[in-house]
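Examining the three-dimensional arrangement
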Amino acid sequence: MSRVPVLAIVGLMLAACGDSILEPELELELALEPEVTSFVTLMNAHRTQVGCAPLEWNVDVAEVATAHSADMIDRDFFAHTNPDGQSPFDRMTAAGISYSYAAENIAWGYPTGEAVLDAWLNSPGHRANIENCSLAQHGVGLVGTHWTHLFRTP
């Protein structure tokens with residue numbers, strides 16, 4: 001793999017229903033990785049500036065995102081669809097997470113939350129996911145410098 005930071009996006013709309021979430025004030029306390037906390041703070045501030053509500057943290061979605069970041073490292077690939085053919089939506093469904101709308105941003109090579117947010121905001125597709133006011137919840141997985149930002153609306 002090259003060492004140049006890389007980005008990718010996907011966003012689809014599929015039918016499903018709800019799941020539990022954390023109160024927004026608990027979101028940052030439970031983020032184990034300080035750069036995830038930084039990213040979430042900056043990203044939600046940006047969403048507020050563009051007129052969207054902050055995204056609510058969902059622990060189950062974060063677990064799926066983290067597993068995907070780890071899988072990309074373990075199996076040496078960089079894509080929304082894993083080598084088994086599972087999309088982000090397949091992975092959420094397999095984890096028992098339902099949704100009416102979902103999207104995913106991935107990146108690697110960005111060491112900080114600020115750096116990955118800047119990169120995503122400078123990419124039209126990633127920015128569209130971050131600024132999509134229809135998306136309500138999210139989870140972030142950071143393993144090494146592999147980022148997965150998974151969004152959902154119940």
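Details of the structure are given in the entry above.
Residues numbered from 1 in each chain as written. Predicted model: local features only at pLDDT ≥ 70, side-chain atom pairs only at ≥ 80, totals over all residues. Heavy atoms only, no water.

Attention now goes to the packing of helix α2 (residues 34–49) against helix α5 (residues 113–121). Taken N-terminus to C-terminus, the directions of α2 and α5 make an angle of 40°; their axes are 8 Å apart at the nearest point. With respect to α5, the axis of α2 lies oblique. The chirality of how α2 crosses α5 is right-handed. Here E35, S38, F39, L42, M43 and H46 of α2 lie close against α5, whose contacting residues are G113, E114, V116, L117, W120 and L121. (Axes fitted to C-alpha atoms, helices over the stretch in contact; angles between N-to-C directions. Helix = DSSP H or I, 4+ residues; strand = E, 2+ residues; numbered from the N terminus. Parallel < 35°, antiparallel > 145°, perpendicular 65-115°, else oblique. Left-handed = near helix turned anticlockwise from the far one by under 90°. Contact = heavy atoms within 4.5 Å.)

The next subject is the pairing of strand β5 (residues 146–153). The two faces of a sheet get side chains in turn, since along a regular strand they alternate between them. The buried fraction of β5 is high, at 8 of 8 residues. Across 8 bridges, strand β3 (residues 101–108) lies against β5 in antiparallel orientation. From the neighbouring strand, E104 faces β5, where its bridge partner is L150. The turn joining strand β4 (residues 137–143) and β5, which pair antiparallel and follow one another in sequence, is formed by 2 residues; a positive phi near 65° is taken by G144. (Buried < 20%, exposed > 50% of the residue type's maximum accessible area, 1.4 Å probe, protein only. Pairing = 2+ DSSP bridges.)

Once that is clear, we can look at the pattern of salt bridges. Tallied over the full model, the rule gives 4 salt bridges. Across the salt bridge formed by R75 and D84, the nearest N and O atoms sit 3.1 Å from each other. For D84, a relative accessible area of 57% gives the class exposed. The partner of R127 in a salt bridge is E131, with the nearest N and O atoms 2.9 Å apart. Sharing partners across several salt bridges, the network here consists of D71, R75 and D84. (Salt bridge = Lys/Arg side-chain N within 4 Å of Asp/Glu carboxyl O.)

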